[in-house]
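Tertiary structure, described
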Amino acid sequence: MNGTPEPRVPGPGPRPFPIAVLASGRGSNLAALIDAREAGRLPVDIVLVAGDRADAPALRNASAHGIPALALDPKSFPDRRSFDRALLARVAASGARLVVLAGYMRIIDAAVVADWAGRMINIHPSLLPKYRGLHTHRRALAAGDLEHGTSVHFVSAELDGGPVIAQARIEVRRDDTEDALAARLLLQEHRLLVACVDAIARGQVRECNGSVLLDDAAICAPLRLDPSGHLVAA
Ligand code: GAR
């Protein structure tokens, strides 16, 4: 990320809006983005899918859809920062104006995150700020929560921190298991992530000084999905 500074905040720009996706595993959120794009519901061009695991199904799926896929091996770098710098340099070279962390399971170095402030989002399976980190479904069940959910947020140096753009909520059922809850929530994750990427690509949502703006006005609470899958004020 050296050289000409990029604008910190994505604007409407020419369509389709170029995005890169970082993924470490299964890639169902990536698949939701690909499906939406191929169905003409998402005005983006996925210019790169990258990650830390060459065997990740997400990367295989990207290749199958003709999307450039790249894995770098963290073990070939002396430290986290040099790995992250190398990976994000490839993302910058792809022309992406937004980086979507979709099941990317590595913490990104704070200096690298700062380079991408306002241009990197993450999907997390909890109603942030609750349950940052791992095992969110298990923790929601253990706490006896009646409601669970997922959040999409701009990425900051803090793990699963950064301003929350939008959330989707589901009811926790009395007989829920961790797997059942995760599977039900995943369907909402897919809808929420597509809606957030769409809103950013269209210039409707952006980050400014730590706040999320919807149509240039700071939001007071995370946005939610309307029945047609668009983001609306809570
Ligand atoms: C998703 O549930 C996503 O929210 C979570 O990993 C899963 C990836 O699934 N991400 C995190 O926990 C990040 N803190 P996918 O590979 O099928 O998209």
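Look up: the structure comes first, before these words.
Residues numbered from 1 in each chain as written. Predicted model: local features only at pLDDT ≥ 70, side-chain atom pairs only at ≥ 80, totals over all residues. Heavy atoms only, no water.

This part is about the site of the ligand. The environment of the ligand is formed by Arg26, Gly27, Ser28, Asn29, Gly103, Met105, Ile123, His124, Pro125, Asp160 and Glu189. At 2.6 Å from an oxygen atom of the ligand is found a side-chain nitrogen or oxygen belonging to Arg26. At 2.7 Å from an oxygen atom of the ligand is found a main-chain nitrogen or oxygen belonging to Gly27. Protein contacts shield 87% of the accessible area of the ligand, which totals 450 Å² for the unbound molecule. Grouping the constituent residues of the shell around the ligand by class yields three nonpolar, five polar and three charged. (Near = heavy atom within 4 Å. Polar contact = N/O pair within 3.5 Å; in protein donor to acceptor, adjacent residues only side chain to side chain. Areas by Shrake-Rupley, 256 points an atom, 1.4 Å probe, with all protein chains shown as cover. Nonpolar A, V, L, I, M, F, W, Y, C, P; charged D, E, K, R; others polar.)

So, on to the nonpolar core. With 43 residues, the main nonpolar core has Val100, Ile121, Ile165, Val205 and Leu231 as its most contacted residues. The leading source of residues in this core is helix H6 (residues 178-201), at nine residues. With 21 residues, the next largest nonpolar core counts Leu72, Val99, Leu101 and Trp116 among its residues. (Core = buried A, V, L, I, M, F, W, Y, C linked by side-chain atoms within 4.5 Å. Buried < 20%, exposed > 50% of the residue type's maximum accessible area, 1.4 Å probe, protein only. Helix = DSSP H or I, 4+ residues; strand = E, 2+ residues; numbered from the N terminus.)

Moving on: the pairing of strand S6 (residues 147-154). Of all the eight residues making up S6, seven are buried; the element is thus mostly covered by neighbouring parts of the structure. As paired strands, strand S5 (residues 120-124) and S6 are joined by four bridges and run antiparallel to one another. Bridged to Ile121 within S6 is Phe154. The pairing of S6 with strand S7 (residues 164-171) spans seven bridges and is antiparallel. (Pairing = 2+ DSSP bridges.)

Strand order in the open sheet made by the seven strands is S3-S2-S1-S4-S5-S6-S7, with mixed pairing throughout. Where the open sheet ends on each side, the last strands, each with one partner, are strand S3 (69-71) and S7. Adjacent strand axes in the sheet meet at a mean angle of 20°, parallel and antiparallel pairs treated alike. (Axes fitted to C-alpha atoms, helices over the stretch in contact; angles between N-to-C directions.)

So, on to the environment of Val112. Among the structural elements, Val112 can be located in helix H4 (residues 110-115). Spatially, the C-alpha atom of Val112 lies 31 Å from that of Arg169, the residues being 57 residues apart in sequence. Sequence-distant contacts of Val112, defined by excluding residues within four places in its chain, comprise Arg81, Asp84, Arg85 and Leu88. (Contact = heavy atoms within 4.5 Å.)

Attention now goes to the packing of helix H1 (residues 28-38) against H6. For any two helices packed against each other, one specifies the crossing angle of their axes together with the interaxial distance. Put simply, H1 and H6 touch, their axes get as near as 9 Å, and they point 50° apart. Between H1 and H6, the interaxial angle falls into the category oblique. In terms of crossing hand, the pair formed by H1 and H6 is right-handed. Residues Ser28, Asn29, Ala32, Leu33 and Ala36 of H1 form the contact with H6, whose own contacting residues are Leu186, Glu189, His190, Leu193, Val194 and Val197. (Parallel < 35°, antiparallel > 145°, perpendicular 65-115°, else oblique. Left-handed = near helix turned anticlockwise from the far one by under 90°.)

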